[in-house]
Amino acid sequence: MKPDLVAPFLLFFLLVVSLKGSAGIQRTNEIPTVLIAQEQLNEDSPLFYYHNKSIFKNPKIKQDDFDAKGIYWLRIHIPASKDYKKKTYVLSFNNLTYVDLTLIDDRSSVAIDSRKAGLFRPLKEISPGDDRNHFTLELDVTKTYTCLLKIHHIKGYSPQLDFYIEDQLSYLKREQKESNIYAFLEGAIIVLLLYIALAWIVSRYRPYIWIFTFLMAVGMYSFALQKDFIDLFFAENPRLGWTIGPLFYRLGTISFYLLLLDFLNLKKLSPLFYKLALIICLLVVSFAVFSFIYCYTTSNYYLSNRINFILGAIHIVYLSTLFIYLWKKVDEPQRFLAYGTTCFSLGIGLIVILLVTMDEKSLLYIPAVIQLFVLSITIIFLIAIRLRIRKQELEYHKSIEIRVEERTAELHMANTALNKQQSELLEKNTYIETLIDELNHRVKNNLQLLYSLGSLYQKGDKNSVTSNPAIQEMQSRIHTMMLVNQLLVHNKGNKLKLDQLVMETISYLQMLYDPKQRIAIDLYCVLDYWIPTHISTSLGLIITELLTNAYKYAFPTEREESPTITLEITQSTDKLSIVFWDNGVGSDTLVADSSLGIALIRDLARQIKGEISIDPKNGYHYHFEFKKGLWK
């Protein structure tokens, strides 16, 4: 079914069910011979009115002639009749606040029964088997009876003095039919309330709160117009229950307006109508407070309902003007809200017409009418909300698709830029690696050239000096730098092993200064200890200088007794220790400035932030400590 056909279909359904419900609550067997008398001054004894039949008037008078604040006595003659085939009968009436019944046997003129009922009557004063709107009578069909009814109606309306007598079975069937209609409608309201609550839990869409409150409040108002509401919650204070009932209607009206404000986004769409809606809500709240206090203190519901007519007219005018003005500005879901608003206005108009034409007798029909209208309005509103949510989902998915496309384009551009940058980096890395290789190659060649020049100089000395100590020392230093460069190139310029550097340095210097290995070398070096690039050359030169000095000066040629050089390299958690000593001739004093080697050792140790101590007695003894944290 298309959405535009839903509202007319619901209205047609409403009309059919309303007609069927109205037909189902018609009473039969209205008593035709009711005599009416206004209560005489200081006379409230039923027997007085029984024996003074002359004070009763013909019942064929207009309903408006009854004084709303007066007390009336009704005299009903119940003849012996073959039409009454059963013993138990029900005497029912509508919406009277206080009714006192006295049943008199015409043969003996004695009151045989006395009962109390009425809408405002506390439940404890009502006899078992009776209710607020009926008496159950045990009658002998062979006798005639006179039933005297004292009517005191205080709700501000002229009392509806229409009484009905029927056998108990017919009464119960009619009541059951009415109960089934109300049960069906109330069950539908409960199902919709559960659906709305679940829908809100799932979606967290705020208009569900307003429509839930609207349905619950108006449903409670319809229920409050029935006697079952009073019996359940205000059995001993029914007057308070009748006064509280209209508050539900006010709450439903406010919820309806909050739904309009929220769903239409009225503050943005039309600030003028938004302010008017707030003013109407304020009027409803103000009148609700006034009506509650006034009705409970005076029981004059007539004035309250007449003010309802004014508010109803305001609602109809406002809602009609609102959607005429906004029709072209709203979308399809919001137009469904207009359908529901039209149904709301029709419901208000129908209730006002019933109250004007039927006064309190309209309360027989109003609960069912309200429930039917509120169900129709709620269904229309739910359709509007569902369409709005669907529209928002489509817009959300569309926005997500747009965002995905935009993000995909951004990622593509980023990937393109990243690939270009990566290519540039690869080119730069290749170029840098080429430069480093070239640099290493040139450094190696230059060091090799220097080393070769030293060798050529010694061999080509015109003075036939076979060995020049200064050049030899320079060659050993150059060799150390060549070795460091070679190891760094081998390890790709990152780190090198200290033990490898030490052993190759010792091997070279031993071959250079002590090819016959006259001097023993004891080496204790930590294995697999990697040293950073920036200190490798300095450490290599320190070890070179230590060994060179020992080979040259510690062991003169005339000293032959077990010459030994000891080198210990150890590590701990926070430092590296190097201990070097020889058992050579040593020196009694240490003059650092007089020895280029010692000065160079000190300077190299300082450059790599090491601490050094030298003891020259009984052979030179060197102790170095390097803190690892200072090498970062």
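Per-chain numbering applies: the sequence of each chain, read as written, is numbered from 1 onward. pLDDT decides what is reported in this predicted model: residues at 70 or higher carry local features, side-chain atom pairs at 80 or more are listed and counted, and totals for whole chains, interfaces and linings draw on all residues regardless. Values reported for side chains reflect all heavy atoms of the structure, with hydrogen atoms and water molecules removed beforehand.

(A) Just unusual backbone geometry, in detail. The phi dihedral of Asn 95 falls on the positive side, at around 60 degrees, and the residue is not glycine. Relative to the assigned elements, Asn 95 resides in the loop between strand E3 (88-92) and strand E4 (98-105). Only DSSP runs of H or I covering at least 4 residues are called helices, and only runs of E covering at least 2 are called strands; the numbering of each starts at the N terminus.

(B) How the structure looks around the packing of helix H6 (residues 238-263) against helix H9 (residues 301-326). Following both chains from N to C, one finds H6 and H9 inclined at 10 degrees, their axes separated by 13 Å at the closest point. When the axes of H6 and H9 are compared, the pair comes out roughly parallel. Only Tyr 301, Ser 304, Asn 308, Leu 311, His 315, Tyr 318, Leu 319, Leu 322 and Phe 323 of H9 make contact with H6, whose side of the interface consists of Arg 239, Trp 242, Thr 243, Arg 250, Thr 253, Phe 256, Tyr 257 and Leu 260. Classification used: nonpolar for Ala, Val, Leu, Ile, Met, Phe, Trp, Tyr, Cys and Pro, charged for Asp, Glu, Lys and Arg, polar for all others including Gly. Its residues assigned to classes, the contact of H6 with H9 comprises ten nonpolar, five polar and two charged. Only C-alpha atoms enter the line fits that serve as axes; for helices the fit covers just the stretch in contact. Angles between N-to-C directions range over 0 to 180 degrees. What sets the label is the angle itself: under 35 degrees gives roughly parallel, over 145 gives roughly antiparallel, 65 to 115 gives roughly perpendicular, and the rest give oblique. The criterion used for residue contact is that any of the two residues' heavy atoms lie within 4.5 Å.

(C) Local environment of the nonpolar core. Side-chain atoms within 4.5 Å link the members of a nonpolar core, which is a set of buried Ala, Val, Leu, Ile, Met, Phe, Trp, Tyr and Cys residues. The rule is simple: take the accessible area with a 1.4 Å probe, protein chains only, and divide by the maximum for that residue type; under 20% is buried, over 50% is exposed, in between is partly exposed. Counting residues in each nonpolar core, the largest one holds 74 residues, and the members touching the most others are Tyr 208, Tyr 257, Leu 260, Tyr 318 and Leu 322. Of all the secondary-structure elements, those providing two or more residues to this core are helix H3 (168-203), helix H4 (207-224), helix H5 (227-233), H6, helix H8 (271-298), H9, helix H10 (332-358) and helix H11 (366-459). Here this core takes 15 residues from H11, the largest share from any one element. With residues up to four places along the chain from it excluded, the contact list for Tyr 208 reads Ile 196, Ala 199, Trp 200, Ser 203, Leu 382, Ile 385 and Ile 389.

(D) Inspection of empty space enclosed by the protein at higher detail. Think of a 1 Å grid over the protein atoms and nothing else: a 1.4 Å probe that fits but is trapped marks a cavity, an open set flanked by protein within 12 Å on at least five of seven lines marks a pocket, and residues with an atom within 4 Å of a point count as lining. Grid points are joined across faces, edges and corners, and a volume is the space filled by probe spheres set on the points. Inspection of the entire model under this criterion finds four cavities of 30 Å³ or more. There is about 570 Å³ of room inside the largest cavity. Taken together, 36 residues make up the lining of the largest cavity; nearest its centre are Tyr 221, Tyr 249, Ile 351, Ile 366 and Ile 370. When residues in the lining of the largest cavity are grouped by element, the largest group, seven residues, is from H6. Its residues assigned to classes, the lining of the largest cavity shows 24 nonpolar, eight polar and four charged.

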